[in-house]
Amino acid sequence: MTEPAAAPAGMGPRRLRAPAGGWRTATVREVDRPTPRTVRLRLEVPDRVTHLAGQHYVVRLTAEDGYRAQRSYSLASAPADPLVELLVERLEDGEVSGYLAEVVEPGDVLEVRGPIGGWFVWEGDEPALLVGGGTGVVPFVSMLRTARELGRTHLLRVAVSTRTLAELPYADELREAGALVVTTREASGIRPAGRLTAPDLVPLWEPGQTAYVCGSASFAEAASQLLVGMGVPAADVRVERFGPSGTSG
Amino acid sequence: MAGPTRGFLGRRRERDPRLPPGQYDVGSDWPVLTAEPTPRIAPETWSISVDGRVENPTSWTWDDVHRLPPSEYRGDIHCVTTWSKFDTHFAGVSVDTLLEAARPTADAHFVMATSKTGYTTNLPLEDVTGGKAWVVWEFGGQPLPVEHGGPVRLLVPHLYFWKSAKWVTRLTLLQRDQQGFWEQNGYHDRGDPWREQRYQGD
């Protein structure tokens, strides 16, 4: 009989025990719509467990007859922010995102659970390359805000892809942080419309970085294969994909 | 527990009895949710081993598993991110067949499934025996697509789908439970969708 050998590098046991919180009744304090398809909710969460940048919350809605629906959303806020900030993309036919985008007002209460997740997190002390597509930039906004608070913005390199600049949430904040912004449906400056390429990412990559990729399933697949193709070890690439039913339903 | 959410009606009023609580029918869609780059694994380099608390540690190549008695699953699958997919059809081999060859010892009570990527997930042994779990390479009569775990994945359809490890390459029998990848990251050790065991403590 043999005992299990160590798992391959990358996804094996980690030392980190990420914080986790149970259900809370949050109060909506601020609602705005930074882009045509997104709504930003800032919530006051009583007895909140402090999160790590990259973690997410679950929002659960309950109808009068007890019917419930819940979805997960990444946090954009830094841990020290007194409120918890969610950025929700309004999906075609989205049962939860449609409600959050159209109905919710300041003063409403929402059932939330979090923080959740211990893989797609940045603890604030290691160099990282962040590659986001569309609303996949949300966890990276939390990481950038955390880095600013810690005085460690030099640890983060950021590349983001969006259809147009007007559709990119947190566009100004990302550009101020030095992010490379690639637009796939419109020219931007001297750059023609086009996808993120390896020559875009190579100058941002340094050995020792952990790469974080977040976006739609197709974006995440393309970007992670781009990184692996550049020679980034697959074990150093963490991926968060969302789709019609994933973390941003 | 909080009461109703102001103004929330919900859309799907007729609950399909096949839907566990908190789930919805994703229809013909099949979302891809993985935490690592998709590995490209040639079937001829793939193998699966059953080791740990067994009398006869055994490995099978791609050709070897195709010579085992075929077995299939027809039914539903449920993802913790709240989608369920009805009437799926997977084909491969029953985990019972692999365990019969490897012969778990009397003190084996848990299984750790390991993927080519290093992804792991833990399961009680009784959840992968008695015709409840498969190692599969076909979906809907076609080769299992790589983004859904091809060439070969584990299939444990009565539990949330993160237990059905993609790109599975190893099943290790254990005396005591150890946590796998998502389980260490806050997800439930068993993951029964009918009890809504999504996170630790549920």
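Note that this is a predicted model, so its numbers are computed, not measured.

(A) Looking closely at the overall build of chain B. Each helix and strand counted, chain B has 3 helices and 11 strands in total. Its helices and strands taken in sequence order, chain B reads β-β-β-α-β-β-α-β-β-β-β-β-β-α from the N to the C terminus. In terms of overall size, chain B behaves like a compact globule, its C-alpha atoms giving a radius of gyration of 17 Å where 202 residues would be expected to give roughly 17 Å. Principal-axis analysis of the C-alpha atoms gives chain B an extent of 60 × 35 × 30 Å. Relative to its full complement of 202 residues, chain B shows a buried share of 48%.

(B) Spotlight on the sheet that holds strand β4 (residues 68-74) of chain A. Residue and element names in this part refer to chain A. Spatially, β4-β3-β6-β1-β2-β5 is the arrangement adopted by the 6 strands of the open sheet, whose pairing is antiparallel. Looking at the sheet topology across the chains shown, the edges are occupied by β4 and β5 (84-89). The sheet shows a mean angle of 40 degrees between the axes of neighbouring strands, taken without regard to direction. Pairing geometry for strand β3 (residues 56-62) and β4, over 7 bridges, is antiparallel. Each residue of the ladder has a partner; that of L61, found in β4, is A69. Of the strands in this sheet, β2 (38-44), β3, β4 and β5 touch helix α1 (residues 95-102), which is tilted by about 115 degrees from β5.

(C) Representation of the nonpolar core in the model. Counting residues in each nonpolar core, the largest one holds 70 residues, and the members touching the most others are Y57, L86, L130, V158 and V213 of chain A. For this core, the element with the highest residue contribution is helix α2 (residues 138-150) of chain A, accounting for 6 residues. Formed jointly, this core draws a minimum of three residues from each of two domains, domain 1 (23-116) and domain 2 (128-242) of chain A. In contact with L86 of chain A, other than residues within four places in its own chain, are L41, L43, Y57, Y73, L75 and A76 of chain A. Core analysis: the next-biggest nonpolar cluster, separate from the first, contains 50 residues, V26, V135, V168 and L171 of chain B among them.

(D) Spotlight on unusual backbone geometry. Cis geometry is found at the peptide bond from G114 of chain A to P115 of chain A, where omega equals 0 degrees. Looking at the secondary structure, you find P115 of chain A in strand β6 (residues 109-116). Omega for the bond connecting G150 of chain B with P151 of chain B falls within 30 degrees of zero, at 10 degrees, which places this linkage in the cis form. Although it is not a glycine, R103 of chain B sits at a positive phi angle of roughly 55 degrees. For R103 of chain B, the position within the fold is in the loop between α2 (95-102) and β6 (110-115). Given 15 C-beta atoms within 10 Å, R103 of chain B falls into the partly exposed group. Phi is positive for E196 of chain B, which is not a glycine, with a value near 50 degrees. Residue E196 of chain B is classed as partly exposed on the basis of its C-beta count, with 17 C-beta atoms lying within 10 Å.

(E) Representation of the interface of chain B and chain A. Contact with chain B, which involves 44 residues of that partner, is made by 53 residues of chain A. Listed by contribution, the elements that provide at least two residues to the side of chain B that touches chain A are β2 (47-52), β6 and α3 (181-184) of chain B. Class assignment for the residues of the side of chain B that touches chain A results in 18 nonpolar, 19 polar and 7 charged.

(F) Structural detail: the domain arrangement of chain A. Residue and element names in this part refer to chain A. In terms of domains, chain A is made up of domain 1 (23-116) and domain 2 (128-242). Of note, the centres of domain 1 and domain 2, computed from C-alpha atoms alone, are 24 Å apart. The partner domain 2 presents 12 residues to the 15 residues of domain 1 that form the contact. A breakdown of the residues in the side of domain 1 that touches domain 2 according to their chemical character gives 8 nonpolar, 5 polar and 2 charged.

(G) Quick look at the UniProt feature "domain: Oxidoreductase molybdopterin-binding" (unreviewed entry) in chain B. Here the UniProt feature "domain: Oxidoreductase molybdopterin-binding" (unreviewed entry) sits at residues 37-182 of chain B. Taken as a whole, residues 37-182 of chain B contains 10% helix and 40% strand, while its terminal C-alpha atoms sit 16 Å from one another.

(H) Looking closely at the pairing of β6 of chain B. All names here are of chain B. Buried residues dominate β6, accounting for 6 of its 6 residues. Alternating residues of β6 divide into F110, M112 and T114 and V111, A113 and S115, and every residue in both groups is buried. As judged from the 5 bridges shared by β6 and strand β7 (residues 120-124), these two strands associate in the antiparallel manner. The residue bridging V111 from the neighbouring strand is L123, located in β7. Sheet analysis places β6 next to strand β11 (residues 168-174), joined by 6 bridges and oriented antiparallel. From the neighbouring strand, V111 faces β11, where its bridge partner is L173.

(I) Summary view of the sheet that holds β7 of chain B. Residue and element names in this part refer to chain B. In space, the 5 strands of this open sheet follow the order β3-β2-β11-β6-β7, with mixed pairing throughout. Edge positions in the open sheet fall to β3 (58-61) and β7, since each of these has one partner strand only. Each neighbouring strand pair of the sheet contributes to a mean axis angle of 15 degrees, computed without reference to strand direction. α2 rests against β2, β3 and β11 of the sheet, and its axis sits at about 55 degrees to β2.

(J) Representation of the confidence of the model for chain A. Residues and elements named next belong to chain A. Looking at chain A, pLDDT values average 90 and 90% of them are 70 or higher. Every residue in residues 1-9 is under pLDDT 50, and counting partners more than four places away or in other chains gives 18 contacts. Note on residues 244-249: pLDDT under 50 across the span, and 31 contacts to partners over four residues away in sequence or across chains.

Scoring rules and cut-offs
Residues numbered from 1 in each chain as written. Chains lettered and ligands numbered in written order. Predicted model: local features only at pLDDT ≥ 70, side-chain atom pairs only at ≥ 80, totals over all residues. Helix = DSSP H or I, 4+ residues; strand = E, 2+ residues; numbered from the N terminus. Rg over C-alpha atoms; globule rule 2.2 N^0.38 Å. Buried ≥ 20, exposed ≤ 12 C-beta atoms within 10 Å, placed from the backbone. Pairing = 2+ DSSP bridges. Axes fitted to C-alpha atoms, helices over the stretch in contact; angles between N-to-C directions. Contact = placed C-beta atoms within 7 Å. Core = buried A, V, L, I, M, F, W, Y, C linked by C-beta atoms within 7 Å. Domains from an automatic or database assignment. Nonpolar A, V, L, I, M, F, W, Y, C, P; charged D, E, K, R; others polar. UniProt positions renumbered as here; feature names shortened; annotations may be inferred. pLDDT = per-residue confidence, 0-100.

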